[in-house]
Amino acid sequence: MVISKRGLVLGATAVVLSTVAVTGAGSYLSRSQAFFQESPKEIVDEVWQIINRSYLDGTFNQSDWKAVRSQYLNRTYTNKEEAYKAIREMLKTLNDPYTRFMDPKEFANMQIDTSGELTGVGIQLTKDEKTKKLVVVSPIEDTPAFKAGVLSKDTIISIDGKSTEGMELEDAVNLIRGKAGTSVKITILRGTEKKEFNLTRAKIEIHPVRARVETTPIGKVGYIRLNQFSAQAGTEMGQAIREQEAEGVKGYILDLRSNPGGLLYSSIEIARMWIPDGLIVSTVDRKGVTERQRANNSALTNKPLVVLVDGGSASASEILSGALQDHRRATLVGTKTFGKGLVQSVRGLGDGSGLAVTIAKYLTPNGRDINHDGIHPDVEYQLTDEARKSLQQERDRVGTLDDPQFKKGFEILEKEIAEGKKPATSAAK
């Protein structure tokens, strides 16, 4: 049942797409589907066992987890739907919106789409741990939600007129998700302002890396925008750096803004392209540090680096930016990141349903736990809502001198290049 390292998913968001790029889950069947059809109680116990073995909080939210098992196994279930309802009730004991059960349809919608073509509106959602509100982690670039002006930190208060008060994350996803060409209306709260968006679902093709070389008064500068940490992100990032090195760039701007994260191994793979040696991230479960990922002397460049981050930079983005910052390998510019430092394992269950389990948290090389606090940039530089919306509507301006955060990052990089700055001796171990 334990999935491979390559299947670990960072953060705990749901994506409003027809499929989500999650590897490692597959369609593993621990027992025969026929057995579960005849005995739905077994699926309840399987979920309990997985939580009991691997859930991050060994106190199970200060509950008597064995008593919870007895409570739910002493019930009689006449069908799978009753068992599913009981599982969701059982998981509420943990008070963790990121550990969630998915029925077979919901789980199928999380499986990897080998064509790379997704269908939906392109919103990554999470459920705020304190307020229980549905919050946008980030709209995915060049999707209907992104083009309409949905922003990170927007709170979704209704979907097609239905209030989201008390709504589960997966239920919200199911309401927003749909076939290409159909429409959905979402109402959001941004501060005290209420806004409505009529979104038309579409097929979405995601390219994780976009790169170009800018000719400037101080020489060529490489610009690389990373939209998500997908299975292809490392390959595309490596190709971009090698091509820009061949063109003789003097330094780099790496844009992680509105990058909601993705796969753990992808963030490690990319960090190794920038950091020559030392610790990248520690993954910590309820028993303590279980694994340390380190650089392996495979860095592709040692030239000056500026990283752009904002409130939509989450999860794997925070691993990468935190490691670069701790090693003093890069200067971070922008605003505080989202603050999602949890690792989930997505597992297939015996009847075709699935379970996402919070199994660990991660620490930066210097031991910072960023799950709630996020990564603070070295140079704080805010964008106004008006500027953000303007950049979303005029995508050609992103990563240019018409982009205020990019301009600030470029000014810093220009100074570092002019001063002949070299990467600092690593402070992180």
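All values derive from a computational prediction rather than experimental measurement.

Here is what the cut-offs are and how they apply
- Residues numbered from 1 in each chain as written.
- Predicted model: local features only at pLDDT ≥ 70, side-chain atom pairs only at ≥ 80, totals over all residues.
- Heavy atoms only, no water.
- Pairing = 2+ DSSP bridges.
- Helix = DSSP H or I, 4+ residues; strand = E, 2+ residues; numbered from the N terminus.
- Contact = heavy atoms within 4.5 Å.
- Axes fitted to C-alpha atoms, helices over the stretch in contact; angles between N-to-C directions.
- Salt bridge = Lys/Arg side-chain N within 4 Å of Asp/Glu carboxyl O.
- Buried < 20%, exposed > 50% of the residue type's maximum accessible area, 1.4 Å probe, protein only.
- Phe/Tyr/Trp six-rings, centres within 6.5 Å; stacked < 30°, edge-to-face > 60°.
- Lys NZ or Arg CZ within 6 Å of the ring centre and 35° of its normal.

Draft legend 1. Representation of the sheet that holds strand 13 (residues 251–255) within the structure. Taken in spatial order, the six strands line up as 11-12-13-16-17-20 in an open sheet, and their pairing is mixed. Lying at the two open borders of the sheet, with one neighbouring strand each, are strand 11 (209–216) and strand 20 (379–380). The pairing of strand 11 with strand 12 (residues 219–226) spans eight bridges and is classified as antiparallel. By the bridge assignment, Arg212 is partnered in strand 12 with Tyr223. In the packing of helix 10 (residues 316–326) onto the sheet, the strands contacted are strand 13, strand 16 (305–309) and strand 17 (331–334), and the crossing angle to strand 16 comes to about 140°.

Draft legend 2. Highlighting the pattern of salt bridges. Within the structure shown, the criterion is met by 17 salt bridges. A salt bridge links Asp45 to Arg69; the shortest N-O distance between them is 2.8 Å. Taken together, the residues span a long stretch of sequence, with Asp45 in helix 2 (residues 41–54) and Arg69 in helix 3 (residues 65–73) at a distance of 24 residues. Given a relative accessible area of 15%, Asp45 falls into the buried group. Residue Arg368 is joined to Asp326 by a salt bridge in which the shortest nitrogen-to-oxygen separation is 2.5 Å.

Draft legend 3. The packing of aromatic side chains, seen in detail. If you walk through the whole model with that rule in mind, you get seven aromatic pairs. Between Tyr84 and Phe101, the aromatic rings sit 5.0 Å apart at their centres with planes inclined by 45°, giving tilted as the arrangement. Highlighted residues: Tyr84 in helix 4 (residues 80–92) and Phe101 in strand 3 (residues 100–102), separated in sequence by 17 residues. Each member of the pair Tyr84 and Phe101 is classed as buried. The rings of Trp48, Tyr55, Phe60 and Trp65 are connected pair by pair, giving a single aromatic cluster. For the cation-ring pair, Arg69 lies above Trp48, with the distance from its terminal atom to the ring centre recorded as 5.2 Å. The ring of Phe338 carries Lys153 above its face, with NZ or CZ at 4.0 Å from the centroid.

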